[in-house]
Amino acid sequence: MDTKNGEALPSAGGMKVYKIRWVILTLFVLYSMSNAFQWIQYSIINNIILEYYKVDVNMIDWTSMIYMVTYIPLIFPGSWYLEKKGLRKAVLIGSCGTMIGSWIKVGSVAQDRFWLTFLGQCTTAVSQIFILGIPPRLAAVWFGPTQVSTACAIGVFGNQLGVALGFLLPPAIVPVSEDMDLVGYWLSVMFYGVAGLTTALFIAIIFIFKEKPPTPPSSAALIQEDTGSYLQGVLRLMKNPRYVLLLLSYGMNVGAFYAISTLLNQVVLHHFPDQTENAGRIGLLIVLAGMLGSVVCGFILDRTAKFKLVTLVVYASSMVFMLGYTFIFNLETLWMVFVMAGVLGFFMTGYLPVGFEFAAELTYPEAEGTSSGLLNASAQFFGIFCTMADGQLLRSYGDVAANLLLVLVLFVGCIMTASIREDLRRQAAQKTSAPVEDDGPQV
């Protein structure tokens, strides 16, 4: 075994894993974080943005929904580009777009420039097509079979971390004030901070991010071949009934999460007036708990390979605690809302990497970027539906009616998940040779 340079470990069939995989994964996590932060940065201070820019409340909802609307038509060319041109080029384009959108917002601080801040939001929204489908592909290309689910979970962790910071920082940075000059100053501070971070990340990605390791990390990666054109791959996926059930159920779960996140500020302030910062903290707790759930579920999948069982348990738990979340607000006790939101987040956002990995198993040897891209397109579709329907129900009938709709959506998704017949194709391929030895999580 050659350990002189500390870089590679040999394994059966000449397969190796490289320490730099952790650097590559970390860069992606930070890049994903910088984009996801901007998804929710307006909605979580809905009341402040409403007063500052003097726009209709629906326009502020659209700063979140634009991420969903742009993803649906663009995921097909985005997934094609990822499959045909590779990880590095896709990540470079997405990182560059995130940086440009961030700098556009820097110029949008004047109160009559909501159109410009929305343009910046559209630019970062388009850039996410080179983010959401990356984690399962990056994990498969760089990590061995005993770490691939964990690596995918960590990749999704970046998006969740960005959303968590998006819940936490805007309410902490931008004050509720009648002084619009003060509000504008702190909006500028937030926009400049994000622009600086995205610029630094883009430069780091140019010099550090690599396409793939010199040697495949697993037998599944070694034998995974070009399966034809992108369109043929999509058609094969649509003919896979197990995958179609997962596609719909995944979209319902994540779409419900998008609706909860977008409307959280409005729901919290309805029950607890003047609690803008606590609305952000509740959102933060949802995502932090989900980040823990992601890592726990990824670890369990790597150790047990019980993909359907884990998926179904997590999904059913999301439905049960969504029901609890629906009625907890009526108790008008803030700490109980925090507790219920945290438990809901553990399962609902912890489900994200579980769905990705289950899809990779059901569809192997199709490209992971294609299967995960379609999952995300489904999530955006259901996210738009759930957010718009919930927004109307919230304003017309209150938050109980709005949240009960999400419970119903999750119930249907749970039945679909239970109907999936497990077919672990990637696991079968990895059993054709000894597992890759690894050197632990060095960075």
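Residues numbered from 1 in each chain as written. Predicted model: local features only at pLDDT ≥ 70, side-chain atom pairs only at ≥ 80, totals over all residues. Heavy atoms only, no water.

### Observations regarding a nonpolar patch on the surface
And step 1. A grouping of Val23, Ile203, Ile206, Phe207 and Ile208 is seen on the molecular surface, where their side chains present a nonpolar patch of about 440 Å² in accessible area.
And step 2. Considering each element in turn, the nonpolar patch owes the most residues, four residues, to helix H8 (residues 180-208).
And step 3. Considering the arrangement of structural elements, one finds Val23 in helix H1 (residues 20-40). (Patch = residues over 30% accessible without salt bridge, like charges linked within 9 Å, V, L, I, M, F, W, Y side chains within 5 Å. Areas by Shrake-Rupley, 256 points an atom, 1.4 Å probe, with all protein chains shown as cover. Salt bridge = Lys/Arg side-chain N within 4 Å of Asp/Glu carboxyl O. Helix = DSSP H or I, 4+ residues; strand = E, 2+ residues; numbered from the N terminus.)

### What about the packing of aromatic side chains?
And step 1. Throughout the structure, instances matching the rule amount to 18 aromatic pairs.
And step 2. Plain terms: the ring middles of Tyr81 and Phe130 are 6.0 Å apart, the flat faces sit at 75° to each other, and that makes the pair edge-to-face. Within this pair, whereas Tyr81 is found in helix H3 (residues 57-85), its partner Phe130 is found in the loop between helix H5 (114-127) and helix H6 (134-142), the two being separated by 49 residues in sequence.
And step 3. By relative accessible area, Phe130 is classed as buried at 11%. (Phe/Tyr/Trp six-rings, centres within 6.5 Å; stacked < 30°, edge-to-face > 60°. Buried < 20%, exposed > 50% of the residue type's maximum accessible area, 1.4 Å probe, protein only.)

### So, the environment of Cys414
And step 1. Position of Cys414 relative to the elements: it lies in helix H17 (residues 399-418).
And step 2. Judged by relative accessible area, which is 11%, Cys414 ranks as buried.
And step 3. Between the C-alpha atom of Cys414 and that of Thr311, which follows or precedes it by 103 residues, the distance is 9.5 Å.
And step 4. Excluding its chain neighbours within four sequence positions, the residues that come into contact with Cys414 are Leu312, Tyr315 and Ala316. (Contact = heavy atoms within 4.5 Å.)

### Let's talk about the packing of helix H11 (residues 241-271) against helix H15 (residues 351-363)
And step 1. Interaxial distance between H11 and H15 falls to 10 Å at its minimum, and their mutual angle equals 170°. With respect to H15, the axis of H11 lies roughly antiparallel. Contacts between H11 and H15 pair Arg242, Tyr243, Leu246, Ser249, Tyr250, Asn253 and Val254 from the former with Tyr351, Leu352, Gly355, Phe356, Phe358, Ala359, Leu362 and Thr363 from the latter.
And step 2. Classifying every residue of the contact of H11 with H15 gives ten nonpolar, four polar and one charged. (Axes fitted to C-alpha atoms, helices over the stretch in contact; angles between N-to-C directions. Parallel < 35°, antiparallel > 145°, perpendicular 65-115°, else oblique. Nonpolar A, V, L, I, M, F, W, Y, C, P; charged D, E, K, R; others polar.)

### Quick notes on the pattern of salt bridges
And step 1. Under the criterion given, the structure shown has three salt bridges.
And step 2. For Lys54, the salt bridge goes to Glu51, with nearest N and O atoms at 2.7 Å.
And step 3. Of the residues examined, Lys54 reaches a relative accessible area of 58% and is grouped as exposed.
And step 4. Using a relative accessible area of 41% as the deciding quantity, one classes Glu51 as partly exposed.
And step 5. We note a salt bridge from Arg395 to Asp61, for which the minimum N-O separation is 3.3 Å. Of the two residues, Arg395 sits in helix H16 (residues 368-397) while Asp61 sits in helix H3, which places them 334 residues apart along the sequence.

### A word on the packing of helix H4 (residues 87-106) against H8
And step 1. With their axes 8 Å apart at the nearest point, H4 and H8 run at an angle of 160° to one another. Taken as axis vectors, H4 and H8 run roughly antiparallel relative to one another. When the axes of H4 and H8 are compared, the crossing they make is left-handed. Residues Arg88, Val91, Leu92, Ser95, Cys96, Thr98, Met99, Ser102, Trp103, Lys105 and Val106 of H4 form the contact with H8, whose participating residues are Phe191, Tyr192, Val194, Ala195, Thr198, Thr199, Leu201, Phe202, Ile205 and Ile206.
And step 2. A class-by-class count of the residues in the contact of H4 with H8 yields 14 nonpolar, five polar and two charged. (Left-handed = near helix turned anticlockwise from the far one by under 90°.)

### Some thoughts on helix H7 (residues 148-173)
Each turn of an α-helix holds 3.6 residues, which means side chains three or four residues apart point in the same direction.
And step 1. Here H7 is 26 residues long and its end C-alpha atoms lie 37 Å apart, about the 38 Å a rise of 1.5 Å per residue gives.
And step 2. Its axis deflected by about 25° at Gly158, H7 carries its strongest bend there.
And step 3. Of all the 26 residues making up H7, 19 are buried; the element is thus mostly covered by neighbouring parts of the structure. (Expected span 1.5 Å × (residues − 1). Bend = angle between axes of the 7 residues up to and from the residue.)

### Considering the environment of Val320
And step 1. You can see Val320 is positioned in helix H13 (residues 307-328).
And step 2. Using a relative accessible area of 48% as the deciding quantity, one classes Val320 as partly exposed.

### With respect to the nonpolar core
And step 1. Counting residues in each nonpolar core, the largest one holds 132 residues, and the members touching the most others are Leu138, Phe209, Met322 and Tyr325.
And step 2. Excluding residues within four positions of it along the chain, Met322 makes contact with Ile260, Leu344, Met348, Asn403, Leu406, Val407 and Leu410. (Core = buried A, V, L, I, M, F, W, Y, C linked by side-chain atoms within 4.5 Å.)

### Examining unusual backbone geometry
And step 1. For Lys54, which is not a glycine, the phi torsion comes out positive at approximately 55°.
And step 2. Here Lys54 shows up in the loop between helix H2 (46-53) and H3.
And step 3. If you check the backbone angles, Glu332 has positive phi at about 55° while not being a glycine.
And step 4. Among the structural elements, Glu332 can be located in the loop between H13 and helix H14 (334-348).
And step 5. Owing to a relative accessible area of 42%, Glu332 belongs among the partly exposed residues under this scheme.

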